[in-house]
Amino acid sequence: MKKMKIKVLSLGVLAAVMISATPVFAATNSYSGNNVVTNISTVNRAASSDPTWDGETVDEIISDGGVVERGDEGKAVRQVQSALVALGYLSSSSVDGIFGTKTYNAVKAFQKHESLTPYDGIVGKKTWKKMKALAAQS
């Protein structure tokens, strides 16, 4: 019975500390309810434009100022991989929508062959433009 009283007392003290600390935190950081909602909305917009989102194309990502790089997954990665297959830098069995080591190395090899510096393995505007144009020709 003694242990139960300690737990209840501990939870009560924790709750009291949290409640009393909230106004101090809000006052020192100038947060209001509207700012919090705005910040959450901003996070949601950022998450929906994340290159790992499965539905976005490479063109959409690039036009938003993004890149396709190691660790990304989804439709855009499959597009990059398909272009690399068409250009002979990647085997068709490697088209899995996951930008891993094989895709990274294939992008670097493509960049080096096409003199697209830096040879960083990241598909940005220059790399995608060249890759897309050459894949359309093959």
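Below is a summary of the structure that appears in this document. (Residues numbered from 1 in each chain as written. Predicted model: local features only at pLDDT ≥ 70, side-chain atom pairs only at ≥ 80, totals over all residues. Heavy atoms only, no water.)

**Notes on the overall build of the chain**
Secondary structure summary: the chain contains 6 helices and 0 strands in total. Of the regular secondary structure in the chain, the N- to C-terminal order runs α-α-α-α-α-α. Buried positions account for 23% of the 138 residues belonging to the chain. The long-range fraction of contacts in the chain, counting pairs at least 24 apart against all pairs at least 6 apart in sequence, stands at 33%. (Helix = DSSP H or I, 4+ residues; strand = E, 2+ residues; numbered from the N terminus. Buried < 20%, exposed > 50% of the residue type's maximum accessible area, 1.4 Å probe, protein only. Contact = heavy atoms within 4.5 Å.)

**Quick look at the environment of Val68**
Looking at the secondary structure, you find Val68 in the loop between α3 (58-63) and α4 (75-86). Each C-alpha atom, one on Val68 and one on Gly124, is 6.7 Å from the other, the two residues being 56 residues apart in sequence. Those residues within four positions of Val68 in sequence are excluded, and the remaining contacts are Val58, Ile61, Ala76, Val77, Val80, Phe99, Ile122 and Val123.

**Quick word on the packing of aromatic side chains**
Evaluation of the coordinates by the stated rule reveals 1 aromatic pair. Arranged with centres 5.6 Å apart and planes meeting at 90 degrees, the rings of Tyr89 and Phe110 form a pair that is edge-to-face. With Tyr89 in the loop between α4 and α5 (101-113) and Phe110 in helix α5, the pair connects residues that are 21 residues apart, well separated along the chain. Since its relative accessible area comes to 24%, Tyr89 is described here as partly exposed. The ring of Tyr104 has Arg70 lying over it, and the distance from NZ or CZ to the ring centre is 3.7 Å. (Phe/Tyr/Trp six-rings, centres within 6.5 Å; stacked < 30°, edge-to-face > 60°. Lys NZ or Arg CZ within 6 Å of the ring centre and 35° of its normal.)

**Structural notes on unusual backbone geometry**
A cis amide bond links Thr117 with the next residue in sequence, Pro118, at an omega value of 0 degrees. One can find Pro118 in the loop between α5 and α6 (125-137). The backbone of Ser115 shows a phi angle near 55 degrees, a positive value even though the residue is not glycine. Here Ser115 is to be found in the loop between α5 and α6. We classify Ser115 as exposed; its relative accessible area is 55%.

**What about the nonpolar core?**
In terms of nonpolar packing, the biggest core is built from 20 residues, with Val68, Val80, Leu84 and Trp128 touching the most fellow members. Among the secondary structure elements, those contributing two or more residues to this core are α3, α4, α5 and α6. Ignoring any residue separated from it by four or fewer positions in sequence, one finds Val80 in contact with Val58, Val68, Thr103, Val107, Val123, Trp128 and Met131. (Core = buried A, V, L, I, M, F, W, Y, C linked by side-chain atoms within 4.5 Å.)

**Examining the side chain of Thr57**
With respect to the element layout, Thr57 can be found in the loop between α2 (33-48) and α3. The residues contacting Thr57, other than those within four sequence positions of it, are Lys75, Ala76 and Gln79.

**Concerning α5**
Along an α-helix, a turn takes 3.6 residues, which lines up residues three or four apart on a common side. With 13 residues, α5 extends 18 Å between its outermost C-alpha atoms, agreeing within 8% with the 18 Å of an ideal straight helix rising 1.5 Å per residue. Among the residues of α5, those classed as buried are Thr103, Tyr104, Ala106, Val107, Phe110 and Gln111. Across the axial projection of α5, the buried residues extend over an arc of 165 degrees, all falling on one side. Of the exposed residues in α5, the ones pointing more than 90 degrees away from its buried face are Lys102, Lys112 and His113. Where α5 is buried, its residues touch α4 and α6. Count one or two residues on from α5 and you reach Ser115, which has phi positive near 55 degrees. (Expected span 1.5 Å × (residues − 1). Arc of directions from axis to C-beta.)

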